[in-house]
Amino acid sequence: MCGIVGAVAQRNIVPILLEGLKRLEYRGYDSCGVAVNNNGLKRARSVARVAELQEQVARTEFEGNTGIAHTRWATHGAPATNNAHPHFSTKDGEQRIGLVHNGIIENYEEIRTELKALGYVFESQTDTEAIAHLVNHMYDGDLLRTVQKVVKRLHGAFAIAVFAKDEPQRIVGARLGCPLIVGLGDGENFLASDAMALAGSTDQIVYLEEGDVVDVRLDGVQIYDKLDLPVERRAQTVQAYSGAIELGPYRHYMQKEIFEQPRAISDTLEGVLGFTPELFGPKAEAVFNDIDSVLILACGTSYYSGMTARYWLESLAGLPTSVEIASEYRYRKPAVNPNTLVVVISQSGETADTLAALKYAQELGHKHSLAICNVGTSAMVRETELSYLTRAGAEIGVASTKAFTTQLTALFLLTATLAKMRGRMDAEAEAFHLKNLRHLPNALQSVLALEPHIIAWSEAFARKEHALFLGRGLHYPIALEGALKLKEISYIHAEAYPAGELKHGPLALVTEDMPVVTVAPNDTLIEKLKSNMQEVRARGGQLYVFADGDSQMHSSEGIHVIRLPEHYGLLSPILHVVTLQLLAYHTALARGTDVDKPRNLAKSVTVE
Ligand code: M6R
């Protein structure tokens, strides 16, 4: 995680760096800092948000035309000022090197011990400071050459940006396992973790590849590959969503993003006239004809969209499907069927565990891969044979909402395409599913209109410390997602179970103080679910039920019911999850938490 911005220009770059940091706060917000190389190295750091750093900088004369900045998600060392980046390294009483870092250096203790013995003084507990001192120690007057040597000593994953006092108007960057991009301006050049940081400064972006080192100067940039050979990397015009950071009438990005879902789904479906393999790339037809099973790899919310898709893929397309948490898959020795389609699902396309699991699957002999992703320029899309881009637009709230529903939309398209190719969906069924998909944005508007009823519930939830979520079948992953949303932003301990599991243990938790949220669509499992609800009521548990308008469920003592529009068949999870997003959002609001930046988390998890 962590966000990096760097700039070399002829103007004062501090406002650009700080604006860039604000846009990168989604990558971590434990602390932040900025440094300039302006007749000596100077820095400002804060354990509050970027807005506070801005105020700090405004109070002093803090300017420069070469600078680096960082927003941190703490790994080594607490979120304290001494651990905040940029880190400086001093020699003979003079601050010579400034450095920011994203990632984890696995052999930092060994480097630290070595440098301490040589007299370097460590002020922080970070792995980053070891790199700064190592650059200083190996510095031979040429920062590029020094960084090329230094990175060969580092084990782990990193993106770094570094400058040297004696070489003004120069920054050297390097990446391995963490994202770093170069922004090309007119007589000025930039480095950043994400193109979004540079919106407004440049839209000409070069994506560095694994092992690249880049020399950034005023008049141009030169990239070197992992063998230190100069290479050309193509610049792309990237529309970084600068408008996405406008909140408009909403109080939080999460709320804005929940309400953007009808638009996001309709954009994700744009251009879909039927279930055809070309939607997934030119090679998709050949690939889809070659597969006999699916393996889904993902983390967090994206994992839950994969779990939902398994029900679709097996029942509609008849394809055996397994869904694995990426951080588990990457370290086990699975049996490999090379005719499996490996599907990675990710909002960011940069999640370290998912990316590593994909590479591992490929190394194991899986020849076909597909990414469902919200960022077209991301590593995951670049590393897979096929892709489908969700068009949710930038998702800024740490709690994923519109990314999830657009992933489900894309996964349903994938399922329907495979079902049709495998002779399991005729023209009539295709037309039926297409019609339902196209109607989704309208159906979602009716669900969003339930907000006032959900606000009324959230006041009761805000006083609780625990909650249970129940679902069955297709809606069990939706219960899991609802529980994740609630715990993530309200800090209420929430767990989800398939309702049939209750009696095998969790029922012991149920008392009148335990709210039990039940996802109760009017599907074939509704009668079974009603029995599970009775089991809760018999123990005094309070049920909060999201039912469909056409089901016979009514509020009564201990049973609170909100009715969605009529049952929406296989696409029902896309509607039901929205009620749970709203419940989590309003409960967090009532508890006064930092909804968009919940404690200890970051939006994009680019470390292991
Ligand atoms: O960018 P990704 O979809 O790969 O991210 C995966 C998870 O880190 C993410 O979904 C996380 O669980 C969210 N904070 C959940 O709201």
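The shown structure was predicted, so the numbers you read here are calculated from the model rather than taken from an experiment.

Chemist: I'm lost on the packing of helix α14 (residues 427-448) against helix α18 (residues 572-591) in this one. Help?
Modeler: Each pair of packed helices can be summarised by the angle the axes make with each other and by the distance between the axes. For the pair α14 and α18, the least separation of the axes is 10 Å and the interaxial angle reads 30 degrees. The angle between α14 and α18 places the two elements in the roughly parallel class. Handedness of the crossing formed by α14 with α18: right-handed. Residues Leu 440, Ala 443, Leu 444, Val 447 and Leu 448 of α14 form the contact with α18, whose participating residues are Ile 574, Leu 575, Val 578, Thr 579 and Leu 582. Across the contact of α14 with α18, the residue classes tally to nine nonpolar, one polar and no charged.

Chemist: What's the story with the site of the ligand in this structure? I'm lost.
Modeler: Not every one of the 15 residues close to the ligand is listed here, only the nearest: Ser 302, Ser 346, Gln 347, Thr 351 and Glu 488. A distance of 2.7 Å separates an oxygen atom of the ligand from a polar backbone atom of Gln 347. Between the ligand and the protein, one listed contact pairs an oxygen atom with a side-chain N or O atom of Lys 485 at 3.0 Å. Against a free-state accessible area of 410 Å², the protein chains account for coverage of 91% of the ligand. Elements represented by at least two residues in the shell around the ligand include exactly α9 (300-315) and α16 (476-490). Composition of the shell around the ligand by domain shows at least three residues from each of domain 2 (247-443) and domain 3 (449-608).

Chemist: Can you walk me through unusual backbone geometry in this structure?
Modeler: In terms of backbone geometry, most residues other than glycine have negative phi values and most peptide bonds are trans. A cis amide bond, omega -5 degrees, links His 85 with the succeeding residue Pro 86. Structurally, the position occupied by Pro 86 is in the loop between β4 (66-72) and β5 (87-91). Located in the positive-phi region is Asp 228, a residue other than glycine, with phi close to 70 degrees. At Asn 600, a position not held by glycine, the phi torsion is positive, near 70 degrees. Considering the arrangement of structural elements, one finds Asn 600 in the segment after α18.

Chemist: Just checking my understanding: could you explain the side chain of Thr 128 for this structure?
Modeler: Tracing the backbone through its elements, the reader meets Thr 128 in helix α4 (residues 128-138). Accessibility expressed as a relative area gives 1% for Thr 128, which makes it buried. Apart from the residues within four sequence positions on either side, Thr 128 is in contact with His 85, His 87, Leu 99 and His 101.

Chemist: How should I be thinking about the sheet that holds strand β8 (residues 170-176) in this particular structure?
Modeler: Read from one edge to the other, the open sheet built from seven strands follows the order β5-β6-β7-β8-β12-β13-β14, with strand pairing classed as antiparallel. At either margin of the open sheet sits one strand with a lone partner, and together these are β5 and β14 (230-231). Two elements, strand β6 (residues 94-105) and strand β7 (residues 156-164), share nine bridges in a ladder whose sense is antiparallel. Note on β7: the bridge partner recorded for Ile 97 is Ala 164. Running over the sheet, α4 touches β5, β6 and β7 and is turned about 135 degrees from β6.

Chemist: What's the story with the UniProt feature "domain: SIS" (unreviewed entry) in the protein in this structure? I'm lost.
Modeler: UniProt records the feature "domain: SIS" (unreviewed entry) at residues 284-424 and 457-598, using the numbering of this structure. A helix fraction of 45% and a strand fraction of 20% characterise residues 284-424, whose end C-alpha atoms lie 18 Å from each other. Its end C-alpha atoms 22 Å apart, residues 457-598 is made of 38% helix and 22% strand.

Chemist: It is not clear to me how the packing of α9 against α16 should be interpreted in this structure. Could you clarify?
Modeler: Following both chains from N to C, one finds α9 and α16 inclined at 170 degrees, their axes separated by 8 Å at the closest point. Considered as vectors, α9 and α16 are oriented roughly antiparallel to each other. Judged by residue contacts, Gly 300, Thr 301, Tyr 304, Met 307, Thr 308 and Tyr 311 of α9 engage Tyr 476, Pro 477, Ile 478, Leu 480, Glu 481, Leu 484 and Lys 485 from α16.

Chemist: Any chance you could explain the UniProt feature "active site" (unreviewed entry) in the protein here in plain terms?
Modeler: Under the feature "active site" (unreviewed entry), the UniProt entry names Cys 2 and Lys 603. Of the residues just listed, which span 602 residues, no C-alpha pair is farther apart than 9.8 Å, and they cluster in one region. Within the element layout of this structure, Cys 2 appears in the segment before β1 (3-8). Contacts of Cys 2, omitting those with residues within four sequence positions, involve Arg 27, His 70, Thr 71, Arg 72, Trp 73, His 101, Asn 102 and Ser 193. Structurally, Lys 603 is set in the segment after α18. Setting aside residues no more than four positions away along its own chain, Lys 603 makes contact with Tyr 26, Gln 347, Glu 395, Ile 396, Gly 397, Val 398, Ala 399 and Ser 400. Of the polar contacts made by the side chain of Lys 603, one reaches the backbone oxygen of Gly 397; its length is 2.8 Å.

Thresholds applied
Residues numbered from 1 in each chain as written. Predicted model: local features only at pLDDT ≥ 70, side-chain atom pairs only at ≥ 80, totals over all residues. Heavy atoms only, no water. Axes fitted to C-alpha atoms, helices over the stretch in contact; angles between N-to-C directions. Helix = DSSP H or I, 4+ residues; strand = E, 2+ residues; numbered from the N terminus. Parallel < 35°, antiparallel > 145°, perpendicular 65-115°, else oblique. Left-handed = near helix turned anticlockwise from the far one by under 90°. Contact = heavy atoms within 4.5 Å. Nonpolar A, V, L, I, M, F, W, Y, C, P; charged D, E, K, R; others polar. Near = heavy atom within 4 Å. Polar contact = N/O pair within 3.5 Å; in protein donor to acceptor, adjacent residues only side chain to side chain. Areas by Shrake-Rupley, 256 points an atom, 1.4 Å probe, with all protein chains shown as cover. Domains from an automatic or database assignment. Buried < 20%, exposed > 50% of the residue type's maximum accessible area, 1.4 Å probe, protein only. Pairing = 2+ DSSP bridges. UniProt positions renumbered as here; feature names shortened; annotations may be inferred.

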